[in-house]
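Single-letter residue listing:
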Amino acid sequence: MSVRPSDYPPPWSPSEAIQQPTDPVDERIDVGFLIVGAGPAGLAAAIRLGQLMEEDPETAERLGDVPVAVLEKGKAPGSHLLSGAVVNPRGLQRLFKDRKRIDELPFYGEVHGESVLFLTKKRALRIPTPPTMANHRNQIASLSQLGRFLAEEAEELGVTILPETAAEKLLVDGGRVLGVRTGDKGRGRNGEELSNFEPGSDITARVTILSEGTQGHLTGAALDRFGLRSESPQVWALGVKEVWKVAKPLQQVVHTMGWPLRPGKKYREFGGSFIYPMGDDMVTIGMVVGLDYRDAELSVHDVLQELKTHPRVRKILEGGERVQWGAKTIPEGGFVALPKKFHAPGLLLTGDGVGFVNVPALKGIHYAVESGRLAAEAAWRTLERGTSSREALATYDDAIRASFIWNDLREVRNMRQAFGRGFYVGGALAGAMTATKGKFPPGDLETEPDAAQSLIVTDRAKSYPAPDGKLTFDKLSSVFASGNRTRDDQPNHIRVRTKVPRELAVAWEHMCPAQVYEVGDVDGKDPDGNDTVEVKLAPSNCVQCGAITAKGGRLTPPEGGSGPEYTLT
């Protein structure tokens, strides 16, 4: 019998992420506006609120001693940020206006040339750049570096940033979001209190802005609690990237499609690679693959290693040295998977958490920034005399629907879904969609959840190159290159069934770029006759990419400060 990850849901419920406040009123930490996540959306919201406080100090005084607070679960702002990244500067220009010039932002430079290559195993055929992928005048960046820059700008405007602080539960009372409960620190593997134990706290605010990024823990719970989910499910891709110091500068951005991915419909392998210059002495190279693939032996990390053996790619990296590695999921459901609303009482939702990503354009950062800015302005309207909080927050939805975010995503509404029919058919449909600006086909194509795909098992892993420590690398050395500092004895933050059909355990083992899952010995059979195994976990390896949540498990927040410490990704 075929095995689907969705038939083995994790032992977790969204209700676990929502509770009423438990701290006495006088022990709660009260702030004016609370932002969860120091990514581009959250920091843009913080900066805009800081600007508004600067422009209207009298109103700002009503927000108390901590007018704006940002919670960041990573070691520092930027620690968990990873992207390609070629940035459309539009969102940042609208955020800073005349306060900052583009040349004052931490970019590696403007894109002056680009190529799109269709690869076979040994050859590279240059093809015309699709209009959606044109990058002229966009800027090359490290999202991690950009995040640190934005955090400094926010702090200069009076924003308080609290790193190493995981938002574990959404505080809801009487149908209204009051804030969040932060996670405990200093618990042992079995949840026991260690000598350095610090309990979490209830943090309450006038408005809570969730900017958690992809696979947002509280965002997902809020979508369920307030009935905001679209009828079309969200789907994701997994991106694995490396940063290299190289001997020769790369003069243009490069995207590839085709090999090492297989074009057949039965495999559902949708994705490609990016190779971007970072100044004269570094490049970033990554592989992105949709998580609706079916082959249990497909490993995005190992497909990236395979890609680097291509003569065209090897030449770019020749004489170089890998200096950093990381992984992260990307929401790919597009326009049809956007929530019905982007607000609830006391709550605003922004960025990748709600799926503001343009898949064919490979862009999401400027949408995150713009949504953060618009959320800040809606939150600020709650301070206006004679305006109810409900009315003020509803203006956020209006602003999103009137923005370039909405227009851009509507024009590419069905592109990701088209590639479920295979690379060649999907490519033809995507061309028609581009020519008609999304008007063809007139309706919405069906979106199938990643975990609903039946697994197949092939000998795919045989094609992955053996790690040589110079060009190709194993997963454990890659986790080390992420800067991961998660302590071995903290509680497990990954929820999965630990006894599952062998095919599913194999899929998790190969899927994970950080070698968190291991397939145990066959120990029985399930009711359908499939061999079952025990799944063994090494949660301290986890770089919090979120792939397991798309493929049948659930990633929950680990202790604050855990995970990777990215600096160049």
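Just so it is clear, the structure is predicted and the values come from calculations on it, not from any experiment.

J.: Would you mind showing me how to read the side chain of T532 here?
T.: Of note, T532 is situated in strand β25 (residues 531–537). Each residue touching T532, except ones within four places of it in the same chain, is listed here: K499, V500, P501, R502, D521, V522, D523, G524, K525 and D526.

J.: Please clarify how the sheet that holds strand β8 (residues 139–141) should be interpreted in this entry.
T.: Paired through backbone hydrogen bonds, the strands of a sheet run either parallel or antiparallel to each other. Judged by pairing direction, the sheet is antiparallel, and its three strands sit side by side in the order β4-β8-β5 without closing on themselves. Each edge of the sheet is formed by a strand with only one pairing partner; in this case those strands are β4 (86–87) and β5 (107–110). Note: β5 against β8, three bridges, orientation antiparallel. Along β8, the bridge assignment pairs F107 with A141.

J.: Explain the pattern of salt bridges to me, please; I cannot follow it from the model alone.
T.: Once the charged atoms of two side chains with opposite charge are near each other, the side chains can pair. Scanning the entire structure with this criterion turns up 28 salt bridges. Between K100 and E153 there is a salt bridge whose closest N-O contact spans 3.3 Å. Here K100, found in the loop between α3 (90–96) and β5, pairs with E153, found in helix α4 (residues 143–156); they are 53 residues apart in sequence, far enough to count as distant. What makes K100 partly exposed here is its relative accessible area of 24%. By relative accessible area, which is 12% here, E153 ends up buried. Notably, a salt bridge pairs R101 with E104, separated by 3.8 Å at the nearest N-O pair. Note on R101: relative accessible area 51%, which makes it exposed.

J.: How should I be thinking about the environment of A368 in this particular structure?
T.: By the secondary structure assignment, A368 is in helix α8 (residues 365–381). A368 sits in the buried class, given a relative accessible area of 3%. Aside from chain neighbours lying at most four places away, what touches A368 is P40, A41 and G351.

J.: Just to check I follow, could you spell out unusual backbone geometry for this structure?
T.: When glycine is set aside, most residues are seen to have a negative phi, and most peptide bonds are trans. Cis geometry is adopted by the peptide bond preceding A85, which originates at G84 and carries an omega value of -10°. Within the element layout of this structure, A85 appears in the loop between β3 (68–71) and β4. Residue W259 is joined to P260 through a cis peptide bond whose omega torsion reads 10°. Of note in this structure, R137 is not a glycine but carries a positive phi near 75°. Among the structural elements, R137 can be located in the loop between β7 (124–127) and β8.

J.: What is the right way to read α8 from this model?
T.: Residues three or four positions apart in an α-helix share a direction because the helix packs 3.6 residues into each turn. An ideal rise of 1.5 Å per residue puts 24 Å on 17 residues; α8 measures up with 25 Å between its terminal C-alpha atoms. In terms of residue burial, α8 counts as a mostly covered element, since 16 of its 17 residues are buried.

J.: How should I be thinking about the packing of helix α1 (residues 40–55) against α4 in this particular structure?
T.: Each pair of packed helices can be summarised by the angle the axes make with each other and by the distance between the axes. Across the interface, α1 lies against α4 with an axial gap of 9 Å and an inter-helix angle of 20°. Classified by the angle between their axes, α1 and α4 sit roughly parallel to one another. With respect to the hand of their crossing, α1 and α4 are arranged in left-handed fashion. In this structure, α1 uses P40, L43, A46 and I47 to contact α4, whose residues at the interface are L143, G147, L150, A151, E153 and A154. Residues of the contact of α1 with α4, tallied by class, amount to eight nonpolar, one polar and one charged.

J.: Is there a simple way to think about the packing of aromatic side chains in this case?
T.: Two descriptors summarise a pair of aromatic rings, namely the distance from one centre to the other and the angle between the planes of the rings. Tallied over the full model, the rule gives seven aromatic pairs. With a centroid separation of 6.3 Å and 90° between ring planes, the pair formed by F342 and W406 is classed as edge-to-face. Here the residue F342 occupies a position in the loop between β19 (321–331) and β20 (343–344), and W406 occupies one in helix α10 (residues 404–411), the gap between them amounting to 64 residues. A residue is classified by how much of its surface remains accessible, and W406, at 13% relative accessible area, is buried. Counting every residue linked through ring pairs, the aromatic cluster contains F335, F342, F356 and W406.

J.: In this structure, what is going on with the nonpolar core? I would like to understand it.
T.: Looking at soluble globular proteins, one finds that nonpolar side chains tend to be buried together. By size, the foremost hydrophobic cluster in this structure holds 82 residues, and its most contacted members are F33, L92, L170, L348, F356, W380 and Y396. Element by element, the count of residues in this core is highest for α8, at nine residues. In contact with L348, other than residues within four places in its own chain, are V207, T208, I209, L210, F342, H343, A375, A378, A379, L393 and Y396. Counting residues in each nonpolar core, the second largest holds 62 residues, with L238, A507, M511 and I548 among its members.

J.: What is the right way to read the pairing of β19 from this model?
T.: Where a strand is regular, its side chains alternate between the two sheet faces. With eight of its 11 residues buried, β19 lies for the most part within the structure. Bridge count for strand β15 (residues 236–245) against β19 is 10 bridges, and the pairing is antiparallel. If you follow V240 over to β19, its bridge partner there is A327.

J.: Help me understand the sheet that holds β25, please; the structure alone is not making it clear to me.
T.: Taken in spatial order, the three strands of this open sheet run β23-β25-β24, and their pairing is antiparallel. If you trace the sheet from one side to the other, it starts and ends with β23 (499–501) and β24 (517–525), each paired once. Averaged over all pairs of adjacent strands, the angle between their axes in this sheet comes to 40°, without regard to strand direction. Inspection of the sheet shows β24 paired to β25 by six bridges, in the antiparallel sense. Residue pairing in the sheet places K525 in a bridge with D531 of β25. Running at roughly 175° to β24, helix α14 (residues 502–511) makes contact with β23, β24 and β25 of the sheet.

J.: Hey, could you run me through the packing of α1 against α8 in this one?
T.: Between α1 and α8, whose axes approach to 7 Å, the crossing angle comes to 40°. As judged from the angle between their axes, α1 and α8 are oblique. Considering how the two elements wind past one another, α1 and α8 form a crossing that is right-handed. From α1, P40, A41, A44, A45, R48, L49, L52 and M53 reach across to α8, where they touch I365, A368, V369, S371, G372, R373, A376, E377 and W380.

J.: Mind showing me how you'd approach a positive patch on the surface here?
T.: A surface patch of positive charge is lined by R126, K248, R312 and K315. Inspection of the secondary structure assignment puts R126 in strand β7.

J.: Can you help me understand the side chain of Q490 in this one?
T.: The residue Q490 is located in the loop between α13 (475–481) and β22 (494–495) in this model. You can call Q490 buried: its relative accessible area is 6%. Within the structure, Q490 has its side chain in polar contact with the backbone nitrogen of E559 (distance 3.2 Å). Of note is the side chain of Q490, whose polar atom sits 2.8 Å from the side chain of S562. Q490 has contacts with R187, G188, R189, P558, E559 and S562, leaving out every residue within four places of it along the chain.

The rules we used
Residues numbered from 1 in each chain as written. Predicted model: local features only at pLDDT ≥ 70, side-chain atom pairs only at ≥ 80, totals over all residues. Heavy atoms only, no water. Helix = DSSP H or I, 4+ residues; strand = E, 2+ residues; numbered from the N terminus. Contact = heavy atoms within 4.5 Å. Pairing = 2+ DSSP bridges. Salt bridge = Lys/Arg side-chain N within 4 Å of Asp/Glu carboxyl O. Buried < 20%, exposed > 50% of the residue type's maximum accessible area, 1.4 Å probe, protein only. Expected span 1.5 Å × (residues − 1). Axes fitted to C-alpha atoms, helices over the stretch in contact; angles between N-to-C directions. Parallel < 35°, antiparallel > 145°, perpendicular 65-115°, else oblique. Left-handed = near helix turned anticlockwise from the far one by under 90°. Nonpolar A, V, L, I, M, F, W, Y, C, P; charged D, E, K, R; others polar. Phe/Tyr/Trp six-rings, centres within 6.5 Å; stacked < 30°, edge-to-face > 60°. Core = buried A, V, L, I, M, F, W, Y, C linked by side-chain atoms within 4.5 Å. Patch = residues over 30% accessible without salt bridge, like charges linked within 9 Å, V, L, I, M, F, W, Y side chains within 5 Å. Areas by Shrake-Rupley, 256 points an atom, 1.4 Å probe, with all protein chains shown as cover. Lys, Arg positive; Asp, Glu negative; His and termini not counted. Charge placed at Lys NZ, Arg CZ, Asp CG, Glu CD. Polar contact = N/O pair within 3.5 Å; in protein donor to acceptor, adjacent residues only side chain to side chain.

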